[in-house]
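Chains, contacts and geometry: an overview
Each chain, written out:
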Amino acid sequence: MNGITYMRVHPDNQYFYHDANAFYQRRENGSLLIKYFGKNEVWKIPEEVTELGAMALRRSNLREIIIPETVKSISKDAFAECGRLECMEFAADGVKLYVPENPVYRKGEISSLFYRDNAGQLHYDYETYDSLLADWSQILIRCRMAAFRLEYPVQLPTARKKAYEALIAEHLKDLVYDICKRDSLRDLAALGNWLCSWIQPSGAIFGFHNHSVWGDNPLRWPDYTSGHSTFAAPLLPGFAEAL
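Here the structure is a predicted model, which means the values were calculated and not measured. (Residues numbered from 1 in each chain as written. Predicted model: local features only at pLDDT ≥ 70, side-chain atom pairs only at ≥ 80, totals over all residues. Heavy atoms only, no water.)

Section: unusual backbone geometry
Using the following cut-off: The helix and strand labels rest on DSSP assignments: H or I over at least four residues marks a helix, E over at least two residues marks a strand, and numbering proceeds from the N terminus. Only protein chains enter the area calculation, which uses a 1.4 Å probe; residues under 20% of their type maximum are buried, those over 50% are exposed, and those in between are partly exposed.
Phi is positive for Glu-81, which is not a glycine, with a value near 60 degrees. Tracing the chain through its elements places Glu-81 in the loop between β7 (73-74) and β8 (87-90). Overall, Glu-81 belongs to the partly exposed group, its relative accessible area being 44%. The phi angle at Gln-155 is positive, at roughly 55 degrees, despite the residue not being glycine. Taking relative accessible area as the criterion, Gln-155 reaches 55% and is therefore assigned exposed.

Let's talk about the sheet that holds strand β2 (residues 22-27)
The line we're drawing: Paired strands, as defined in this entry, are two strands with at least two bridges between them according to DSSP.
Within the open sheet, the five strands sit side by side as β1-β2-β3-β5-β7. Their pairing is mixed. The sheet is open, and its two edges are formed by β1 (16-18) and β7, each paired on a single side. Taken together, the six bridges between β2 and strand β3 (residues 30-36) define a ladder with antiparallel strand orientation. For Tyr-24, the partnering residue across the bridge sits in β3 and is Leu-33.

What about the pattern of salt bridges?
Note the cut-off: Each reported salt bridge corresponds to a side-chain nitrogen of Lys or Arg within 4 Å of a carboxyl oxygen of Asp or Glu.
Per the counting criterion, the structure on display carries ten salt bridges. For Glu-47, the salt bridge identified is with Lys-44, shortest N-O distance 3.1 Å. Relative accessible area serves as the criterion here: at 45%, Lys-44 is assigned to the partly exposed category.

Some points on the environment of Leu-167
Our working definition: By definition, residues are in contact when any of their heavy atoms lie within 4.5 Å.
Assignment of secondary structure puts Leu-167 in helix α4 (residues 158-182). With 24 residues separating them in the primary sequence, Leu-167 and Cys-143 have C-alpha atoms 6.7 Å apart. Discounting residues that sit within four places of it in the chain, Leu-167 has contacts with Arg-142, Cys-143 and Ala-146.

Some words on the packing of aromatic side chains
Condition: Centres within 6.5 Å are what make two rings of Phe, Tyr or Trp a pair, Trp counting through its six-membered ring; a difference in plane orientation under 30 degrees is then read as stacked, over 60 as edge-to-face, and the rest as tilted.
The full count for this structure, using the stated rule, is eight aromatic pairs. Taking the centre distance of 4.8 Å and the plane angle of 20 degrees together, the rings of Tyr-17 and Tyr-24 count as stacked. For the pair formed by Tyr-17 and Tyr-24, the shared burial category is buried. The interplanar angle of 70 degrees and the centroid separation of 4.9 Å between the aromatic rings of Phe-114 and Tyr-124 together place this pair among those described as edge-to-face. Residue Phe-114 is located in strand β10 (residues 114-116), and its partner Tyr-124 is located in strand β11 (residues 122-124); the two are separated by ten residues in the primary sequence. The buried category is assigned to Phe-114, whose relative accessible area is 5%. Three or more aromatic residues joined by ring pairs form one cluster here, namely Phe-90, Phe-114, Tyr-124, Tyr-126 and Tyr-129.

In structure tokens, the structure reads:
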């Protein structure tokens, strides 16, 4: 369908229809998204859509796609060659997943992990996503993926959670620099929300002292109140609030 520049469906057509963004087929229990042709960077699939057809979003300009709970089936190649896609929001689980920008061919792996259970409900294979994250060669991409998983920890085992926290702690300085360099508010929000989740209303940090302590901790920021480094330094709450 790359050569099609204009399409119009007669209003009386009983089987097909379109809106400003896509072409659909009417079905008994909802609509099939046949082809998205919009120019949006962020798009929420209409609620009446229950299925995404083969290559329905192929080569789209989308950076973020919002998949409503009404969608029950997604073709494996629905997101084929979506080179700009960065984020998928899965409303059924209340989850946003980071889709790495490179290598491009691996975007297909991330976006093809939807499956249906015996009851016909759509799910996402978070375990495989985590396995892909663990094997990703670029550290900063792994950190971005980990930040999103920590913010939306659906089916996230404790061991994985601790590993992701350690990964981000180790590379936090480089990660923040990279986010600022790319001017990515989405990544900054994910990291900031995760950091804020550590802080209690009193200012204490969950699981740690909120006063100066000696020792080597997972995240080393200068503690200007005592002259040494500590996970519970006053800088951390301020940094989280700034993000």
